[in-house]
Structure formats: C-alpha cells, structure tokens
Amino acid sequence: MKEKDRRSKNASVTAAKGRGAEARGGRHGPRHLSAKSGAPKDKAGGLPPPKTAPQKSPRPAAQESTPARSIEPRSGEKPAETVPLILETVPTAGYHLIDSGDGEKLELYGPYRIVRPEAQALWPKALPTVWEKADAIFTGDTDEDGMGRWRFPREALGETWPMQLLDTDFLGRFTSFRHVGVFPEQLAHWSWMKDQVASAGRPLKVLNLFGYTGVASLVAAKAGAEVTHVDASKKAIGWARENQAMARAEKLPIRWICDDAMKFIQREERRGSRYDIILTDPPKFGRGPNGEVWQLFDHLAAMLDICREILSPEARGLVLTAYSIRASFYSIHELMRETMRGRGGRVESGELIIREGGLDGKTPGRALSTSLFSRWVPK
C-alpha cells in the first residue's frame, strides 16, 4: 500500500511494501507497466492476457481477517522505551538519494537515476541541473495509489535491471505504481536483522509478513536464518522467486507462502510455531487471496497480539513499519508497549529517514522522512 500509502486499494493483504502488489504509489497495486511499451503488466512482470481472453471470475465475497478470539489486556510492566529513535539510510553501494525537492525525489538505483513523486519533499531542489540527466521519470497520478507511466528521456530501458544491497542481488523493476521493488529506507531494519542473525550462534527463525519482493527474506537467509516469507499476492511471490534465482540462493532455507497474513499467523499460533525475529510491514488497506479484508486501524492490534504469542522465548525482535497513516509514531509505540507488557525488553519507536548524498553520494544533505516504525527488542 511503502512513500506512501504504498499500497493501492486493490492491494493484496500481504503484498506490498509492497513494503511486498505495488502500492507503498500503491506499493502493492495490481499491475506493473512495461518499461518499453507502457503496456500494463502484472506484478511479476508477465504480460496481461490478450483482449480475447475470457474474463476473470468475480472476486470472492470479502471475508474478515480479524482473529476469532478477543484480545485480553496484558499484565505486567511495560517494556522500557526509547523515543524518538530516527533510523537513517545513508548513501550505500547500490543506492542513494541524490536530491529532493518541489514534491519529487531523484535517486540512484544501481546504474539508473530515477525521478519519482515525493509529497514530503517540501523544499526547493538543491541540484536542479542534475535532474536533467535522469534516466527514468515516473509520469502519472501523484497519489500514492495512482497508476502512471515511466518516461525514459535518455534511452529506452528494459523493464528490469540487476540491483544489489547488503551483498544481496535482486531485480529492480519499473512498475505502474512508481515503485521499483525495494524500499531502501528498510535498510536500517535489514542491517539490524542481519547483525542479529550473524551474531546469534544458532540459526534464527525469521518470519517476514507482507514480504513483497523478498529482499529482506534473502538478506536474512544469506546471513544464516531459516526464513518464512508470507505474502497474499501470487505475483509478489513470483517476483520474490525471481530475486532468489538472481541472488543464486535457491538452496537457502526460505519458505515462500502465498496466504492471508492474519490467517497464517493464527494457524501458526494454534500449531505452537515460534519465531526469533518477526518483520511486519502491513498496508493501510488490502485484500487477501480469497477476498479477506485488512484494515490497519481495525486489525493491527490483533496482529501484534498474535505476533507476540508466536515469538520464541529467546526472540531477538518484533519490527513494525507503518506507511502513510494519519497517526503519530507514538500511536504504534504505545500499542507495541501494551502488546509486550510483561515480556521485558525495550520498545524503540520513531521514523525511518533517507539522507541526501548529492551526486557523488558523499555530500550529506537534507533528510527525507519515509515512514513510522516501532521495534521491540529483548534488551
């Protein structure tokens, strides 16, 4: 629904950031654009059916994703707190924010300079002449869930291109919802997760809910984790598998599951399954594969409550990211503290930001706020 509501109104419940299904310009919207022709494509990049193809069957009637059981108030002391915590993505190999302003941002994704709308860039552009050499410009609806087209002022570009972040290879892709398959502000969480996995001394079990294109899942698995990746969009799962092949990670322990996130974690609770790290990046609104309805303000508390139940006794963290909601980070901060009553540890909450790096990536500039987050850690 993750710049943001990253997720479109037709977004999958678990497709995102995707996060992943292209709404965060709707991160998880229903289609992508062909970079070459502008023809609509599905989220995994496949061509749409010909006009003579039979119509799809009607969408199943909406089902509630709310868990059947009620949420009982937790007892015990609230965790300690750190607020506000600002987690910053600085220029790195493979990505940096070059400049921003006048409602847009100019980013370097691999070899390409890409211009996209950014409502929070309220200031003037600092490097206006640099923008003239952009390789790709999103031209379309400036709403987060609006569809549009890509314009390529220098030369025609392919639909996909190779990317690498945190030593993990994957595919960037021009989509009809302005996104390119990765949300670089999440690097702060992924780096933290990678460190936790690498230092654990044992294989950690990681659950990636609303997993989108699977970059976080690949980062975790390459670090040594056993990963369960859940997304309601078949197209997002298809893209994630493409990324797995791109990363030469077919033998890594990743379960790719296409399912409604709430239904999945309820089953995991009944089974007694436990995870050491849970990443959750829900949309503001979405639908599961069978028409299940997700409303963030209605279902978030129940989702976190179940996530607590499936955390292992030696858990390393529970991470929540929220995009484009009319709320303060304090809202999700207090919810996380209530959810984790009696568990000890600390709740850290604030904002994810991306710092401008100039053309060379070495000239720190203004900070662009991208999303809210709250993270419980055991210490």
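Everything below is about the structure shown above.
Parameters at a glance
Residues numbered from 1 in each chain as written. Predicted model: local features only at pLDDT ≥ 70, side-chain atom pairs only at ≥ 80, totals over all residues. Heavy atoms only, no water. Helix = DSSP H or I, 4+ residues; strand = E, 2+ residues; numbered from the N terminus. Buried < 20%, exposed > 50% of the residue type's maximum accessible area, 1.4 Å probe, protein only. Pairing = 2+ DSSP bridges. Axes fitted to C-alpha atoms, helices over the stretch in contact; angles between N-to-C directions. Salt bridge = Lys/Arg side-chain N within 4 Å of Asp/Glu carboxyl O. Core = buried A, V, L, I, M, F, W, Y, C linked by side-chain atoms within 4.5 Å. Contact = heavy atoms within 4.5 Å. Phe/Tyr/Trp six-rings, centres within 6.5 Å; stacked < 30°, edge-to-face > 60°. Lys NZ or Arg CZ within 6 Å of the ring centre and 35° of its normal. Polar contact = N/O pair within 3.5 Å; in protein donor to acceptor, adjacent residues only side chain to side chain. Parallel < 35°, antiparallel > 145°, perpendicular 65-115°, else oblique. Left-handed = near helix turned anticlockwise from the far one by under 90°. Nonpolar A, V, L, I, M, F, W, Y, C, P; charged D, E, K, R; others polar.

Peer 1: I'd like a rundown of the overall build of the chain, residues and numbers included.
Peer 2: Summing up its helical and strand segments, the chain has six helices and 20 strands in all. Among the 379 residues that make up the chain, the fraction classed as buried is 57%.

Peer 1: Tell me about the sheet that holds strand β14 (residues 254–258), and please be specific about residues and values.
Peer 2: As summarised here, the arrangement of the eight strands in space is β4-β19-β20-β18-β15-β12-β13-β14, forming an open sheet in which the pairing is mixed. Lying at the two open borders of the sheet, with one neighbouring strand each, are β4 (80–89) and β14. Each adjacent strand pair in this sheet contributes to an overall mean axis angle of 15°, direction not counted. Two elements, strand β18 (residues 317–322) and strand β20 (residues 367–377), share five bridges in a ladder whose sense is antiparallel.

Peer 1: Describe the pairing of strand β15 (residues 277–280), naming the residues involved and giving the relevant values.
Peer 2: By the alternation rule, side chains of β15 split into Ile 277 and Leu 279 and Ile 278 and Thr 280, which are all buried. Pairing of strand β12 (residues 205–209) with β15, which is carried by four bridges, proceeds in the parallel orientation. Bridge assignment links Asn 208 to a residue of β15, and that residue is Leu 279.

Peer 1: Kindly report on the pattern of salt bridges, identifying the contributing residues and their values.
Peer 2: All told, the structure shown has 23 salt bridges when counted by the stated rule. Three or more residues joined by partner-sharing salt bridges are found here, namely Lys 78, Glu 334, Glu 338 and Arg 341.

Peer 1: Could you give me a rundown of the nonpolar core, with the residues and numbers involved?
Peer 2: Within the largest apolar cluster, 46 residues are counted, with the highest numbers of intra-cluster contacts made by Ile 114, Phe 174 and Met 193. The leading source of residues in this core is helix α2 (residues 215–223), at six residues. If we skip the residues at most four places from it in the chain, Met 193 touches Val 206, Ala 216, Val 219, Ala 220, Ile 277 and Leu 279. Counting residues in hydrophobic clusters, the runner-up holds 33 residues, among them Val 230, Leu 304, Leu 320 and Val 347.

Peer 1: Lay out the sheet that holds strand β9 (residues 148–151) in plain terms, naming residues and giving numbers.
Peer 2: Each strand in a sheet pairs with its neighbour through backbone hydrogen bonds, running either in the same direction (parallel) or in the opposite one (antiparallel). Strand order across the open sheet formed by five strands is β5-β6-β7-β8-β9, with mixed pairing between neighbours. For this open sheet the edge positions go to β5 (95–101) and β9, each flanked by a neighbour on one side alone. Recorded for the sheet is a direction-independent mean angle of 25° between the axes of neighbouring strands. Relative to β9, strand β8 (residues 136–140) is paired through four bridges, and the arrangement is antiparallel. Note that in β9 the partner of Gly 140 across the bridge is Gly 148.

Peer 1: Can you break down the packing of aromatic side chains residue by residue, with the values?
Peer 2: With the rule as written, the count across this model stands at 11 aromatic pairs. On the basis of an interplanar angle of 25° and a centroid distance of 4.8 Å, the ring pair of Phe 329 and Tyr 330 is categorised as stacked. Site record: aromatic cluster; members linked through ring pairs are Tyr 112, Phe 138, Trp 150, Phe 152, Trp 161 and Phe 174. Note that Lys 125 overlies the ring of Trp 131, its terminal NZ or CZ placed 4.0 Å from the centroid. A cation sits over an aromatic face here: Arg 173 above Trp 239, 4.7 Å from the ring centre.

Peer 1: Residue-level account of unusual backbone geometry, with values.
Peer 2: Excluding glycine, residues mostly carry a negative phi; peptide bonds, for their part, are mostly trans. In the segment running from Val 83 into Pro 84, the intervening peptide bond is cis, with an omega of -20°. Along the chain, the position of Pro 84 falls in strand β4. With a phi angle near 50°, Leu 166 is a residue other than glycine that sits in the positive phi range. Its location among the elements puts Leu 166 in the loop between β10 (160–165) and β11 (168–173).

Peer 1: Could you give an account of helix α4 (residues 261–271), with specific residues and numbers?
Peer 2: Restricting attention to buried positions, one finds in α4 the residues Ala 261, Met 262, Phe 264, Ile 265, Gln 266 and Glu 268. Regarding α4, its N-cap is Asp 260, as a side-chain oxygen of that residue lies 3.3 Å from the backbone nitrogen of Met 262 further along. Downstream of α4 by a residue or two, Gly 272 has a phi angle that is positive, lying close to 80°.

Peer 1: Outline α2, supporting the account with residue identities and numerical values.
Peer 2: Note that an α-helix has 3.6 residues per turn; residues three or four places apart therefore point the same way. The buried fraction of α2 is high, at seven of nine residues. If you check which residues of α2 are buried, you get Val 215, Ala 216, Ser 217, Leu 218, Val 219, Ala 220 and Ala 221. Residue Gly 224 follows α2 closely and has a positive phi angle near 120°.

Peer 1: Could you give an account of the packing of α4 against helix α5 (residues 296–309), naming the residues involved and the relevant values?
Peer 2: Interhelical geometry of α4 versus α5 gives an angle of 30° and a closest axis separation of 9 Å. Classified by the angle between their axes, α4 and α5 sit roughly parallel to one another. In this structure, α4 crosses over α5, and the sense of that crossing is left-handed. Along the contact surface, α4 presents Met 262, Ile 265, Gln 266 and Glu 269, while α5 presents His 299, Ala 302, Met 303, Ile 306, Cys 307 and Glu 309. Split by residue class, the contact of α4 with α5 holds six nonpolar, two polar and two charged.

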